[in-house]
Amino acid sequence: QPIFSFIPSIGISDIIKLPKSFSIFYENHFLISSLNGKSLFFTRFNENFSKVISIEKVFINKRIRDLKFSEKYNSIILALEETGELGILSNS
C-alpha cells in the first residue's frame, strides 16, 4: 500500500535523495520532480519510511523531466521538457 499519493496526480518524473552537503535545512529530504504538476516537492519521511513528515512544493511552471545533483557545484540540475532548457537550483 502506498504511504502517500498526490491527488490529482502530479506525474512524478524523478526522485533523488538530497545529500547533506546541499543544505542543512534539507538534510534527510528527497526531491521529487513532476511533469503534470510543473513543480518540485521537497519531501521528508519518518525513520522507517512509513509516513511522510513534510512536503514543501516549489512551483517551477515547467515540466521537469530529470534531476541530477552536481557535487562539484553543490547544485541540482533540472532538465526541463518542453523547451529543452536546463535549470539550476542552488542553495547559495
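Note that the structure is predicted; figures quoted are calculated from it, not measured.

Glancing now at the sheet that holds strand β6 (residues 75–80). Here we have three strands laid out as an open sheet, ordered β5-β6-β7, and antiparallel in their pairing. Because the sheet does not close on itself, it has two edges, and the strands there are β5 (64–70) and β7 (86–90). The mean angle between the axes of side-by-side strands here comes to 25°, regardless of whether they run parallel or antiparallel. With six bridges connecting them, β5 and β6 associate as antiparallel partners. Along β6, the bridge assignment pairs Leu67 with Leu78.

Next up on the list: the nonpolar core. In this structure, Ile16, Leu18, Phe22, Tyr26, Leu31, Leu40, Phe42, Ile64, Leu67, Ile76, Leu78 and Leu80 together form the largest nonpolar core, which totals twelve residues. Listing elements by their share of this core, those giving two or more residues are β3 (39–45), β5 and β6. Residue contributions to this core peak at three residues, all from β6. If we ignore the near neighbours within four places in the chain, the residues touching Ile64 are Ser13, Ser33, Ser34, Leu35, Ser39, Leu40, Leu78, Ala79 and Leu80.

Tallied over the entire structure, the rule returns four salt bridges. Lys62 is the salt-bridge partner of Glu85, the closest N and O atoms lying 3.1 Å from each other. In this pair, Glu85 is assigned in the loop between β6 and β7 and Lys62 in the loop between β4 (52–59) and β5, connecting sequence segments 23 residues apart. Residue Arg65 pairs with Glu81 through a salt bridge whose shortest N-O separation is 2.2 Å. Of this pair, Arg65 sits in strand β5 while Glu81 sits in the loop between β6 and β7; the two residues are 16 residues apart in sequence, bridging distant segments of the chain. Note on Arg65: relative accessible area 40%, which makes it partly exposed. Of the residues examined, Glu81 reaches a relative accessible area of 29% and is grouped as partly exposed. The network of salt bridges with common partners includes Arg63, Arg65 and Glu81.

A separate point is the sheet that holds β3. Taken in spatial order, the four strands make up an open sheet running β1-β2-β3-β4, and their pairing is antiparallel. Only two strands of the sheet have a single neighbouring strand rather than two, namely β1 (12–17) and β4. Across the sheet, the mean angle from the axis of one strand to that of its neighbour is 20°, orientation sign disregarded.

Moving on: the pairing of β7. Put simply, side chains in a regular strand alternate between the two faces of the sheet. Sheet topology places β6 next to β7; five bridges connect them, and they run antiparallel. Note that in β7 the partner of Ala79 across the bridge is Leu86. Hairpin connection, β6 to β7: the antiparallel pair is bridged by five residues, and Gly84 has positive phi, about 75°.

Here is what the cut-offs are and how they apply
Residues numbered from 1 in each chain as written. Predicted model: local features only at pLDDT ≥ 70, side-chain atom pairs only at ≥ 80, totals over all residues. Heavy atoms only, no water. Pairing = 2+ DSSP bridges. Helix = DSSP H or I, 4+ residues; strand = E, 2+ residues; numbered from the N terminus. Axes fitted to C-alpha atoms, helices over the stretch in contact; angles between N-to-C directions. Core = buried A, V, L, I, M, F, W, Y, C linked by side-chain atoms within 4.5 Å. Buried < 20%, exposed > 50% of the residue type's maximum accessible area, 1.4 Å probe, protein only. Contact = heavy atoms within 4.5 Å. Salt bridge = Lys/Arg side-chain N within 4 Å of Asp/Glu carboxyl O.

Just geometry here; none of it tells us what the structure is for.
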